[in-house]
Amino acid sequence: MAKATKVRLLDSGTLVIDQSHITWNVGCGTPVRFPVYSVLVEHPDGLIMFDTGYDLDVVNEFLPFELPEQTEQQTVPAQLELCGFKPDDVDVLVNSHLHFDHCGGNRHLTSATVWMHELEIREARSPEPFERLGYADKTWDHAEAKFNLISGDLTVADGVHLFYTPGHTIGHYSMLVEMDGRKPLMFMADVSYTPAAYAADQQAGFHNDPVAGVRSIRRIKQLVKEWDAEVFFTHDMDVFGTYKLAPDHYA
Ligand SMILES: [Zn+2]
């Protein structure tokens, strides 16, 4: 058994939403630009990716008001190349959930088995009216895609753990990566977007079940304590500026 050797953050560009969507109902009328990224885990058992950012064409078509800024260099193929990989080198792709800014690059990873919660795929294919825009990207759902539908907490490979953290969406997962000689890394995806929101048990305005969402924030806090993990926030520009970005890595 051996743990992951390198973890990299792949930049996927930025989007704009209203502050009230980041801190549920608070801060209406203030537009905020925020980062989108995915996580690449080099593991002796294979190359694992957690989320795939957004697809510029899809956002321009369905959500142009989020003012996407994504260069060619910030696409999944270009980010993988920066790390010395090709899209079909990825063995396992885990989608934290299927909102458009977490699955936009799925279609490039033609060799990967795609792990997602069994309820998430159902919801994304047939969303509630209020979730339609979040699930606007359907490019992940193609005939060649090999899905591994999962539920509950589980381990993808030695030291790569998925924790079921619903609320933001019905089938939301967070990922914790253990590595030799350093603290584990906790990627909570969209459980809470920013350090300030997380500190206040505040979830995003986009949610399937807000009560479950608050429970998931508290669960993440408990896990972070138990594992003595370093927390990574998904959608905060300030903190994103302090992270090491690909091709740089955590080891
Ligand atoms: Zn989301």
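It should be noted that the structure appears before, not after, this text.
(A) View of the coordination of the zinc ion. Looking at the zinc ion, the protein donor atoms are H97 (NE2), H99 (ND1), H168 (NE2) and D190 (OD), and they sit 2.1 to 2.2 Å from it. Because the angles between the four donor atoms bound to the zinc ion fall within 89 to 175 degrees, the donor set is best described as irregular. For the zinc ion, the donor residues sit on a single chain with the sequence spacing H-x1-H-x68-H-x21-D. By relative accessible area, which is 0% here, H97 ends up buried.

(B) Spatial organisation of unusual backbone geometry. Between A246 and P247 the backbone carries a cis peptide bond, its omega angle lying at 10 degrees. Residue placement: P247 occurs in the segment after α8 (237-240). Even without being a glycine, D51 presents a positive backbone phi close to 70 degrees. As for its position among the elements, D51 is in the loop between β3 (46-50) and α2 (56-62).

(C) Spotlight on the packing of aromatic side chains. Tallying each qualifying case throughout the model produces nine aromatic pairs. A centroid spacing of 5.8 Å and a plane angle of 70 degrees characterise the contact between W140 and F147, whose relative ring orientation is edge-to-face. W140 gets classed as buried once you look at its relative accessible area, which sits at 1%. Ring centres of F232 and Y243 lie 4.9 Å apart, and the angle between their planes is 50 degrees; on these two criteria the pair is classed as tilted. Placement of F232 in strand β11 (residues 230-232) and of Y243 in the segment after α8 is noted, with a sequence separation of eleven residues between them. Y243 shares its class with F232; the two are buried. Each member of the aromatic cluster is reached from another via a ring pair, and the members are Y37, F187, F232, F240, Y243 and Y250. Note that K221 overlies the ring of Y198, its terminal NZ or CZ placed 5.1 Å from the centroid. Sitting above the plane of the Y250 ring, K244 keeps its charged end 5.0 Å from the centroid.

Parameters and conventions
- Residues numbered from 1 in each chain as written.
- Predicted model: local features only at pLDDT ≥ 70, side-chain atom pairs only at ≥ 80, totals over all residues.
- Heavy atoms only, no water.
- Donors = N, O, S within 2.8 Å, 3.2 Å for Na, K, Ca; no water.
- Tetrahedral: all angles 85-135°; square planar, octahedral: opposite > 155°, others 65-115°.
- Buried < 20%, exposed > 50% of the residue type's maximum accessible area, 1.4 Å probe, protein only.
- Helix = DSSP H or I, 4+ residues; strand = E, 2+ residues; numbered from the N terminus.
- Phe/Tyr/Trp six-rings, centres within 6.5 Å; stacked < 30°, edge-to-face > 60°.
- Lys NZ or Arg CZ within 6 Å of the ring centre and 35° of its normal.

Purely spatial values, then, with no claim about function.
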